[in-house]
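Topology and contacts: notes
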Amino acid sequence: MAPTPTGSRERHDDGDHLVLTRRIRAARAEVWAALTVPARTAVWIGTWTGDPRSGTVDVTMGFEGDGAEPQTFTIDDCQAPHRLAVTSAAPGAEGPDEVWHIEIDLVEAVSGDNAETELRFSQPLSDPAAAESIGPGWEYYIDRLAAAAVGTDVEAIDFADYFPAQSRYYRDLFTTRP
């Protein structure tokens, strides 16, 4: 069964953004580790190499099919353990939706004895045609990140449940003017 799409469209100073949030039953440090430690990112999105202190790392998406090429991600802002902002462009990128400016903020909340973290993902997005694949893609990857952070079965999350089932939702979300 396809998960219900959760993304929203928000107007920011630099234009429309795709925004996704997740409440993850894990401490912020655990979610941060799943987001930034190479052995942990390999589980849900792919591998990265390089020295983050240099300001860039090379990321190879592990679940985009065979032959994925590494992409350079520039680290725009890193405030461990609560904020990561990166920029990457696909080779030959020309349009505004082909250069990705991604921001992830983590806010920890404690409920009784249970730690929870709210993850907020934001990416500028304007083209409805791009939104119909980018939205489901990020829903998939963020659900995998959440599963990895809490130690549940990441492999049970299947991209076929997200795409194309969520495509129309995201196309419509970015077609209608706010």
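These lines cover the structure that appears in this document, whether it is placed above or below.

Definitions and limits used
Residues numbered from 1 in each chain as written. Predicted model: local features only at pLDDT ≥ 70, side-chain atom pairs only at ≥ 80, totals over all residues. Heavy atoms only, no water. Phe/Tyr/Trp six-rings, centres within 6.5 Å; stacked < 30°, edge-to-face > 60°. Helix = DSSP H or I, 4+ residues; strand = E, 2+ residues; numbered from the N terminus. Buried < 20%, exposed > 50% of the residue type's maximum accessible area, 1.4 Å probe, protein only. Lys NZ or Arg CZ within 6 Å of the ring centre and 35° of its normal. Salt bridge = Lys/Arg side-chain N within 4 Å of Asp/Glu carboxyl O. Pairing = 2+ DSSP bridges. Axes fitted to C-alpha atoms, helices over the stretch in contact; angles between N-to-C directions. Contact = heavy atoms within 4.5 Å.

Focus on the packing of aromatic side chains
- Within this structure, the stated rule accounts for 8 aromatic pairs.
- Ring centres 4.7 Å apart and planes at 40° place the aromatic pair Phe-121 and Trp-138 in the tilted group. With Phe-121 in strand E8 (residues 114–124) and Trp-138 in helix H3 (residues 128–150), the pair connects residues that are 17 residues apart, well separated along the chain.
- The class of Phe-121 is buried, set by a relative accessible area of 1%.
- Since its relative accessible area comes to 9%, Trp-138 is described here as buried.
- Measuring from centroid to centroid gives 5.7 Å for Phe-159 and Phe-163, while their planes differ by 10°, and the two rings are stacked.
- Taking the relative accessible area as the measure of exposure, Phe-159 reaches 34% and is therefore partly exposed.
- Of the residues examined, Phe-163 reaches a relative accessible area of 34% and is grouped as partly exposed.
- An aromatic cluster is present here, built from Trp-100, Phe-121, Trp-138, Tyr-140, Tyr-141, Phe-159, Tyr-162 and Phe-163 joined pairwise through their rings.
- The ring of Phe-63 carries Arg-144 above its face, with NZ or CZ at 4.0 Å from the centroid.

Some points on the environment of Val-110
- By the secondary structure assignment, Val-110 is in strand E7 (residues 99–111).
- C-alpha separation for the pair Val-110 and Gln-123, spaced 13 residues apart in sequence, amounts to 27 Å.

Digging into the pattern of salt bridges
- By the definition in use, this model includes 16 salt bridges.
- Its salt-bridge partner being Arg-11, residue Asp-16 comes within 3.2 Å of it at the nearest N-O pair.
- Since its relative accessible area comes to 60%, Arg-11 is described here as exposed.
- Between Glu-155 and Arg-144 there is a salt bridge; the shortest N-O distance is 3.7 Å. Here Glu-155 is found in the loop between H3 and helix H4 (167–175), whereas its partner Arg-144 is found in helix H3, with 11 residues between them in sequence.
- Through salt bridges with shared partners, a single network forms among Arg-23, Arg-25, Glu-116 and Glu-118.

Brief notes about the pairing of E8
- Bridging between strand E2 (residues 15–24) and E8 involves 8 bridges; their strand directions are antiparallel. Among the inter-strand pairings, Leu-18 is bridged to a residue of E8, identified as Gln-123.
- Judged from the 9 bridges that link them, E7 and E8 form a sheet pairing that is antiparallel. By the bridge assignment for E8, Glu-108 is matched with Thr-117.
- What sits between the antiparallel neighbours E7 and E8 is a turn of 2 residues, in which Gly-112 has the positive phi angle 65°.

Notes on the sheet that holds strand E3 (residues 46–49)
- With antiparallel pairing, 8 strands are arranged side by side in an open sheet as E1-E2-E8-E7-E6-E5-E4-E3. Each end of this open sheet is capped by a strand with a single partner; those strands are strand E1 (8–12) and E3. Across the sheet, the axes of successive neighbouring strands diverge by a mean angle of 30°, strand direction being ignored.
- By the bridge criterion, 7 bridges tie strand E6 (residues 83–89) to E7 in an arrangement that is antiparallel. Looking across to E7, one finds that Leu-84 is bridged to Ile-104.
- Across the sheet, H3 lies against E2, strand E4 (56–61), E7 and E8, angled at about 25° from E2, the strand it touches most.
- Of the strands in this sheet, E1 and E2 are in contact with H4, which crosses E2 at around 135°.

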